[in-house]
Amino acid sequence: MSLKDLNIDSRWTLFLDRDGIINRLRVNDYVKNWDEFEFLPGVPESFPVLNRIFGRLIIVTNQQGIGKGIMEPGLVEEVHRRMLEAIRQKGGDIQGIYYCPALEKDRDPCRKPGTGMAHQARRDFPQIEFSRSVMAGDSAGDMEFGRRLGMVNVLITAEPHKKNLKEVPYDFQFCDLPAFTAELKKCYL
Ligand SMILES: [Mg+2]
């Protein structure tokens, strides 16, 4: 199957993980405030292209640093506000941003691979069809989230052969979001 065979149009939704896709991962740490947020190269410029292809873009991000008391929800929301501002400055947009503060051990249904954030998004945007959705993420949990919802899974990583990613179900793989965007552009624009 090629990306073109999906026939993506404005009925489709792109769900995006945040850390490792949009901004640089902080190893053994969290993005606790805007100063610690660093866009990955080429990412802000990718959004206007993605906006032309998909009907809507939704971010779903686990932020258990909040549950651990390391991060404040207010600062996470500020990060999202400023991230969106920067993306809009480049002519792009994101329609919904959802984060889950729960701890991994709590097995909260909102925490990926739990599907709570997708259902929340569909309550807010009833046009969302999971069968016409793509999940783009860098972890096994992201791909399991997409699989449970019947989405097309795109693994975004330069290291697909990493042990914890070997067995995960994905349909396409790209080294980063700009590479995925470039391929979409070739197929659809
Ligand atoms: Mg991630």
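Look a little higher up for the structure.
The following refers to the structure shown.

**Digging into the coordination of the magnesium ion**
Those donors, Asp17 (OD), Asp19 (O) and Asp138 (OD), are the protein atoms that reach the magnesium ion, and they lie 2.1 to 2.3 Å from it. Look at where the donors of the magnesium ion fall in the sequence and you get D-x1-D-x118-D. In this pair, Asp19 sits in the loop between β1 (13–16) and α1 (43–53) while Asp138 sits in the loop between β4 (133–137) and α5 (140–148), placing the two residues 119 residues apart along the sequence. According to the relative accessible area criterion, Asp19 is buried, its value standing at 16%.

**Focus on the sheet that holds β1**
Taken together, the six strands give an open sheet; going across it, the order is β3-β2-β1-β4-β5-β6, and neighbouring strands pair in parallel fashion. The open sheet has two edge strands with one neighbour each: β3 (96–100) and β6 (172–174). Strand-to-strand, the axes of this sheet are offset by a mean angle of 20°, without reference to chain direction. Here strand β5 (residues 152–156) runs beside β6; their pairing, made up of three bridges, is parallel. Bridge assignment links Leu155 to a residue of β6, and that residue is Gln173. Where helix α4 (residues 116–124) meets the sheet, its contacts fall on β1, β2 (56–62) and β3, and the angle it forms with β3 comes to roughly 150°.

**Side note on the nonpolar core**
Core analysis: the largest hydrophobic core is formed by 37 residues, its most contacted members being Leu14, Ile22, Phe47, Phe54, Val134 and Phe180. Elements that contribute at least two residues to this core include exactly β1, α1, β2, α3 (73–89), β4, β5, β6 and α6 (177–188). Membership of the second largest hydrophobic core comes to 20 residues, among which are Phe130, Met143, Met151 and Val168.

**Focus on the state of the cysteines**
A full pass over the atoms with the stated rule returns one disulfide. Cys100 shares a disulfide with Cys110; S-S distance 2.1 Å. Measuring handedness by torsion sign, the sulfur bridge of Cys100 and Cys110 sits at about 80° and is right-handed. Note that Cys100 is positioned in strand β3 and Cys110 in the loop between β3 and α4, a separation of ten residues in sequence. Cys187 provides the cysteine sulfur closest to Cys175, a residue in no disulfide bond, and the two sulfurs are 16 Å apart. Exposure remark for Cys175: the relative accessible area of 44% places this residue in the partly exposed category.

**Re the pattern of salt bridges**
Under the definition given, this model contains 19 salt bridges. A salt bridge links Asp19 to Arg18, with the shortest nitrogen-to-oxygen separation between them at 2.8 Å. Measuring nitrogen to oxygen at the nearest pair gives 3.5 Å for the salt bridge that ties Asp106 to Lys105. On the accessibility criterion, Asp106 (44% relative accessible area) is partly exposed. It is possible to trace a salt-bridge network through shared partners that takes in Arg26, Asp29, Lys32 and Glu36.

**Some details on the side chain of Glu36**
Tracing the sequence through the fold places Glu36 in the loop between β1 and α1. Owing to a relative accessible area of 18%, Glu36 belongs among the buried residues under this scheme. Here the side chain of Glu36 touches Lys32 through a polar contact of 2.9 Å, landing on its backbone nitrogen. If sequence neighbours within four positions are ignored, Glu36 has contacts with Arg26, Tyr30 and Val31.

Definitions and cut-offs
- Residues numbered from 1 in each chain as written.
- Predicted model: local features only at pLDDT ≥ 70, side-chain atom pairs only at ≥ 80, totals over all residues.
- Heavy atoms only, no water.
- Donors = N, O, S within 2.8 Å, 3.2 Å for Na, K, Ca; no water.
- Helix = DSSP H or I, 4+ residues; strand = E, 2+ residues; numbered from the N terminus.
- Buried < 20%, exposed > 50% of the residue type's maximum accessible area, 1.4 Å probe, protein only.
- Pairing = 2+ DSSP bridges.
- Axes fitted to C-alpha atoms, helices over the stretch in contact; angles between N-to-C directions.
- Contact = heavy atoms within 4.5 Å.
- Core = buried A, V, L, I, M, F, W, Y, C linked by side-chain atoms within 4.5 Å.
- Disulfide = S-S within 2.5 Å.
- Salt bridge = Lys/Arg side-chain N within 4 Å of Asp/Glu carboxyl O.
- Polar contact = N/O pair within 3.5 Å; in protein donor to acceptor, adjacent residues only side chain to side chain.

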